[in-house]
Amino acid sequence: MDTVTRLSRTVASCGLAAAGALHAVWALGSPWPAGSARELNELVVGNGEVAPGTAATWLVCGSALAGAAVAAGAMGDRPLAVWGRRIAGAALLARAALGGNAALRVLGLPPGGDRFTRLDRRYYRALFAVLGAALVLGARRSPS
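Fair warning: this is a prediction, and the values are worked out from it, not measured in the lab.

(A) Here's a closer look at the overall build of the protein chain. The helix and strand inventory of the protein chain stands at six helices and zero strands. The order of helices and strands in the protein chain, counted from the N terminus, is α-α-α-α-α-α. Relative to the compact-globule value of 15 Å for 144 residues, the protein chain shows a C-alpha radius of gyration of 16 Å, a close match. Within the protein chain, the fraction of its 144 residues that count as buried is 31%. Considering only intrachain contacts with a sequence separation of at least 6, the fraction spanning at least 24 residues in the protein chain is 70%. Within the structure as shown, the protein chain displays about 8200 Å² of accessible surface, and the carbon and sulfur contribution to it stands at 68%. Between the centroid of the 15 positive side chains of the protein chain and the centroid of its 7 negative side chains there is a distance of 9 Å.

(B) Here's a closer look at helix α3 (residues 54–72). With 19 residues, α3 should cover 27 Å at 1.5 Å per step; its first-to-last C-alpha distance of 27 Å lies within 8% of that length. Every buried residue of α3 is listed here: Thr57, Cys61, Ala64, Ala68 and Ala71. The buried side chains of α3 occupy one side of the element, clustering within an arc of 100° when seen end-on. More than 90 degrees from the buried face of α3, the exposed residues found are Ala55 and Leu59. Buried-residue contacts for α3 involve α1 (3–27), α4 (79–98) and α6 (114–138).

Reading the values: rules and limits
- Residues numbered from 1 in each chain as written.
- Predicted model: local features only at pLDDT ≥ 70, side-chain atom pairs only at ≥ 80, totals over all residues.
- Heavy atoms only, no water.
- Helix = DSSP H or I, 4+ residues; strand = E, 2+ residues; numbered from the N terminus.
- Rg over C-alpha atoms; globule rule 2.2 N^0.38 Å.
- Buried < 20%, exposed > 50% of the residue type's maximum accessible area, 1.4 Å probe, protein only.
- Contact = heavy atoms within 4.5 Å.
- Areas by Shrake-Rupley, 256 points an atom, 1.4 Å probe, with all protein chains shown as cover.
- Lys, Arg positive; Asp, Glu negative; His and termini not counted.
- Charge placed at Lys NZ, Arg CZ, Asp CG, Glu CD.
- Expected span 1.5 Å × (residues − 1).
- Arc of directions from axis to C-beta.

Have a look at this one:
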């Protein structure tokens, strides 16, 4: 496996594992790193009045952790694993390109407030772009 693929898989798996762990913290009831549940909602869904359900948060947690395992190389270079990495990477790149308010629309949520929009522009879109690119680059098959 070449250096770019190895590094990409490491970046993607670490990023997705961190996202999964953070969602587990939230699903267990902690608003960290925010000071309150309302502030957390403003940060992640753009509206202090809208709270994702615990089941949805656990689903994201599990998906991110499973994605981390596949990104790291679980399932090897089987076609299902390669295509899974590519599709997940494309989805994250689309989220980066279209922005948080587009993602909120897809989820049936109201547009985010100014704080969410500012954070999305400055940090969230870049994070999604890096993880998406890492997944796509890490999807390359090893030479036989």
